[in-house]
Amino acid sequence: MTALSAPPSFAEKTRFTATALLYSGLAAQIVLLLKRSIQESMVDAITLVLLLVISFTGGYLGSRWPVFRRKNWLNRLYYGFLVSAAGMLFLVMALQCAYHWLSLVTGVAISGLGQGIVAMAATDTDRNHHAAMRPLSRILLRVAGPLLAIVVCLHIQGQFSGITGFPYAFALLVDLALLGALHAKITWADQGY
C-alpha cells in the first residue's frame, strides 16, 4: 500500500524558490568576484570571498535576534532580497568605472548581509509539510540553478572585452535578487499577511 504525499504548502514552494534564487546568485557572485579579483591580485580575490562569507554569516546570525524574528518570515525574505540587490548595485557601480576598492567592499558586505537574511528567513518556514518532489529532484534543481547562473553570468561577461562585461553580469544578479523580492511580496499579498 502506498501513501500519497500531501501537496507542498505555499511556504515550502516559496522556501524552495527563495533558496534556489539565493544559491544561484551567491554562486555566480563568488565566481564573478574571483574572476575579477584574480585579474588584480590573488589577495584581493581571497579577501573579497572571505568578506562575503563573513557578511553572509553576520546576516544569518543577526537575523536570529528576537527583534528581527518578530517579523513575518515572508517580510524578512522580501527585505533580505532587497538588501542583497542594493549590495549588488554597489558592485555594478564599483565595476562600471575603474577598480574602486571601497565601493567593491561595501557592495560585497551589503549583498552578503542580505543573502544571510534570506537564508535565515528561508529556513524559518513551516516545515510540517513535505515537499512533493523527490529528494534527488530537489538536489538536481539546486545544483542546476547555480550552474546555469554561473554559465550565463560568465557568458555575459565574456561578450565584452576586458573588464567591461562585469557590470552587466552583476546586473543579472541584481535582477535575480529583485525577482526573489517580487516573489516574496506576491506570496505575502496572496496569503493576506
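These numbers were taken from a predicted model, which means no experiment stands behind them.

Comments concerning the overall build of the chain
When helices and strands are tallied, the chain shows seven helices and zero strands. Moving toward the C terminus, one meets the helices and strands of the chain in the order α-α-α-α-α-α-α. Looking at the chain as a whole, 40% of its 193 residues are labelled buried. For the chain, the accessible area works out to roughly 10,300 Å², and carbon and sulfur atoms hold 70% of it.

Regarding the confidence of the model for the chain
When the pLDDT values of the chain are averaged, the result is 82; 87% of them are 70 or greater. For residues 1-6, every residue scores under 50 in pLDDT, and the model assigns this stretch one contact once sequence neighbours within four places are set aside. Note on residues 126-131: pLDDT under 50 across the span, and twelve contacts to partners over four residues away in sequence or across chains.

Thoughts on a nonpolar patch on the surface
Together, Ile38, Met42, Ile46, Leu50 and Ile54 make up a nonpolar patch on the protein surface, roughly 510 Å² of accessible area in all. Among the elements that line the nonpolar patch, the one with the most residues is helix 2 (residues 42-62), at four residues. When its relative accessible area of 47% is taken as the criterion, Ile46 is described as partly exposed.

A short note on the nonpolar core
Core analysis: the biggest nonpolar cluster contains 40 residues, and Leu32, Leu33, Leu77, Phe81, Leu91, Phe170 and Leu173 have the highest contact counts within it. Those elements that place two or more of their residues in this core are helix 1 (10-40), helix 2, helix 4 (73-96), helix 5 (101-123), helix 6 (135-158) and helix 7 (166-191). Among the elements that make up this core, the one with the highest residue count is helix 4 (eleven residues). Aside from chain neighbours lying at most four places away, what touches Leu33 is Leu48, Leu52, Leu91, Val108 and Phe170.

Some remarks on the environment of Gly165
Position of Gly165 among the secondary structure elements: in the loop between helix 6 and helix 7. For Gly165, a relative accessible area of 0% gives the class buried. As a C-alpha pair, Gly165 and Cys153 span twelve residues in sequence and 9.3 Å in three-dimensional space. What Gly165 contacts, discounting residues up to four positions off in sequence, is Gln157 and Phe160.

Here we look at the pattern of salt bridges
Counted according to the given criterion, the structure contains one salt bridge. The salt bridge involving Arg15 is made with Glu12; its shortest N-O contact spans 3.2 Å. Of this pair, Arg15 and Glu12 both sit in helix 1, three residues apart, which is roughly one turn of the helix. Comparing Arg15 with Glu12 shows no difference in burial state: the two are buried.

Structural notes on the packing of helix 1 against helix 5
Helix 5 packs onto helix 1 with a crossing angle of 155° between their chain directions and a minimal axis gap of 10 Å. Regarding the angle of helix 1 to helix 5, the classification is roughly antiparallel. Handedness of the crossing formed by helix 1 with helix 5: left-handed. Facing Arg15, Ala18, Thr19, Leu22, Gly25, Leu26, Gln29 and Leu33 of helix 1, the residues of helix 5 in contact are Val108, Ser111, Gln115, Val118, Ala119 and Ala122.

Looking at the side chain of Ser24
The topology assignment puts Ser24 in helix 1. Classification of Ser24 as buried rests on a relative accessible area of 8%. When sequence neighbours within four positions are dropped, the list of residues in contact with Ser24 reads Gly145, Pro146, Ala149 and Leu176.

What counts, and where the lines are drawn
- Residues numbered from 1 in each chain as written.
- Predicted model: local features only at pLDDT ≥ 70, side-chain atom pairs only at ≥ 80, totals over all residues.
- Heavy atoms only, no water.
- Helix = DSSP H or I, 4+ residues; strand = E, 2+ residues; numbered from the N terminus.
- Buried < 20%, exposed > 50% of the residue type's maximum accessible area, 1.4 Å probe, protein only.
- Areas by Shrake-Rupley, 256 points an atom, 1.4 Å probe, with all protein chains shown as cover.
- pLDDT = per-residue confidence, 0-100.
- Contact = heavy atoms within 4.5 Å.
- Patch = residues over 30% accessible without salt bridge, like charges linked within 9 Å, V, L, I, M, F, W, Y side chains within 5 Å.
- Salt bridge = Lys/Arg side-chain N within 4 Å of Asp/Glu carboxyl O.
- Core = buried A, V, L, I, M, F, W, Y, C linked by side-chain atoms within 4.5 Å.
- Axes fitted to C-alpha atoms, helices over the stretch in contact; angles between N-to-C directions.
- Parallel < 35°, antiparallel > 145°, perpendicular 65-115°, else oblique.
- Left-handed = near helix turned anticlockwise from the far one by under 90°.

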